[in-house]
Amino acid sequence: MSGIFQLKACSRYADAVYFSTDKLSLRAKAKEITLETLADFVSEVKTRGLKAYLAVNSTVNEDRLGDASDVIDAASNAGVDAVIAWDPAVILRARKAGLKIHISTQANITNHETANFYRNLGAERVILSRELSLEEIRKISQQTEVEIETFVHGAMCLGSLRPMPSVSLRSW
């Protein structure tokens, strides 16, 4: 999700939206939502009855640690429902700010021990590796209490107005 236009297009068909700001995003075109406009965007999301999940999933080099703090502070002030991250620097900042944490598929979680590791760091949800089979997902979900989410479209992220479906697996 890169802005209001996409939000309006999908708001009747989703219960949550993933989006990034112009900082620490893997989405090269994520320029419309900035730290300065984040609170307004989150307000628009919540007005439509949707959850707001901020993806902070790029690498955080030493010189970008300040950006990580700025993004997490802005996310906390804006009232995002969760931060999607994989970098421990971002996870620790989100946890300190009291934000819910969802572990990004970028963490490449492929087993229950890794899922439990992130749960112990404070994650309430993990987004599993896209390469897992349904049987592998089932085995992991049976051996962890952390909420499991998985992409159902394969390994390629889709952009523009195409849906990026994922499924939160609550019980098997």
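Fair warning: this is a prediction, and the values are worked out from it, not measured in the lab. (Residues numbered from 1 in each chain as written. Predicted model: local features only at pLDDT ≥ 70, side-chain atom pairs only at ≥ 80, totals over all residues. Heavy atoms only, no water.)

**Observations concerning helix α4 (residues 88–96)**
The criterion, for reference: Only protein chains enter the area calculation, which uses a 1.4 Å probe; residues under 20% of their type maximum are buried, those over 50% are exposed, and those in between are partly exposed. Think of it this way: any DSSP run of H or I at least four residues long counts as a helix, any run of E at least two long counts as a strand, and we number them from the N terminus. Contacts: residue pairs with any heavy atoms within 4.5 Å of one another.
Buried within α4 are the following residues: Ala-89, Val-90, Ile-91 and Ala-94. Tucked into the core, α4 has its buried residues touching α3 (65–78), β3 (82–85), β4 (101–103) and α5 (112–120).

**A look at the pairing of strand β2 (residues 51–55)**
Going by this rule: A pair of strands is considered paired only if DSSP assigns at least 2 bridges between the two. When the strands point away from the viewer and the connection leading from the first strand across the helix to the second strand turns clockwise, the crossover is called right-handed.
Burial analysis of β2 places four of its five residues in the buried class, the great majority of the element. Across four bridges, the pairing between strand β1 (residues 16–19) and β2 is parallel. From the neighbouring strand, Tyr-18 faces β2, where its bridge partner is Tyr-53. Regarding topology, α3 serves as the crossover connection from β2 to the parallel β3, and that connection is right-handed.

**Quick word on the packing of α3 against α4**
What counts is decided by this rule: For helices, the fitted line uses only the C-alpha atoms of the stretch in contact; every axis is such a line through C-alpha atoms, and the angle between N-to-C directions lies from 0 to 180 degrees. Less than a right angle of anticlockwise turn of the near helix away from the far helix marks a crossing as left-handed, whereas a clockwise turn marks it as right-handed. Under the scheme applied, nonpolar residues are Ala, Val, Leu, Ile, Met, Phe, Trp, Tyr, Cys and Pro; charged residues are Asp, Glu, Lys and Arg; polar residues are all the others, including Gly.
Running from N to C, α3 and α4 point in directions that differ by 35°, and their axes come no closer than 10 Å. Our pair here, α3 against α4, has a crossing hand that is right-handed. Across the interface between the two elements, Leu-65, Ala-68, Ser-69 and Ile-72 from α3 touch Ala-89, Val-90, Arg-93 and Ala-94 from α4. When grouped by side-chain class, the residues that make up the contact of α3 with α4 number six nonpolar, one polar and one charged.

**Description of helix α2 (residues 38–47)**
The condition is simple: By construction, the arc corresponds to the directions joining the helix axis to the C-beta atoms.
Taken together, the buried positions of α2 are Leu-38, Phe-41, Val-42 and Val-45. One side of α2 holds all its buried residues, which, seen down the axis, span an arc of 100°. Opposite the buried face of α2, by more than 90 degrees, sit the exposed residues Asp-40 and Thr-47. Positioned one or two residues after α2, Gly-49 has a phi angle of 75°, which is positive.

**Concerning the nonpolar core**
Condition: Buried Ala, Val, Leu, Ile, Met, Phe, Trp, Tyr and Cys residues that are joined via side-chain atoms within 4.5 Å together make up what is termed a nonpolar core.
Judged by nonpolar contacts, the single largest core of 42 residues is most densely connected at Phe-19, Val-83, Ile-103 and Val-126. Considering every element that reaches this core, the biggest residue donor is α3, with six residues. In this view, Val-83 contacts Leu-54, Val-56, Ile-72, Ala-75, Val-90, Ala-94, Leu-99, Lys-100, Ile-101 and His-102; residues no more than four positions away in its chain are not counted. Formed by eight residues, the second largest nonpolar core is a distinct cluster that contains Ala-16, Tyr-53, Ala-55 and Ile-127.

**Observations concerning the packing of aromatic side chains**
The cut-off we apply is this: Each Phe, Tyr or Trp ring (for Trp, its six-membered ring) is paired with any other whose centre lies within 6.5 Å, and the angle between the two planes then decides the class: stacked below 30 degrees, edge-to-face above 60, tilted in between. For a ring to carry a charge above it, either NZ of a lysine or CZ of an arginine must fall within 6 Å of the ring centroid while also lying within 35 degrees of the normal to the ring plane.
Per the counting criterion, the structure on display carries three aromatic pairs. Across the ring face of Phe-151, the terminal group of Arg-130 is positioned such that the distance to the ring centre comes to 4.3 Å.

All quantities given are derived from atomic positions and should not be read as evidence of function.
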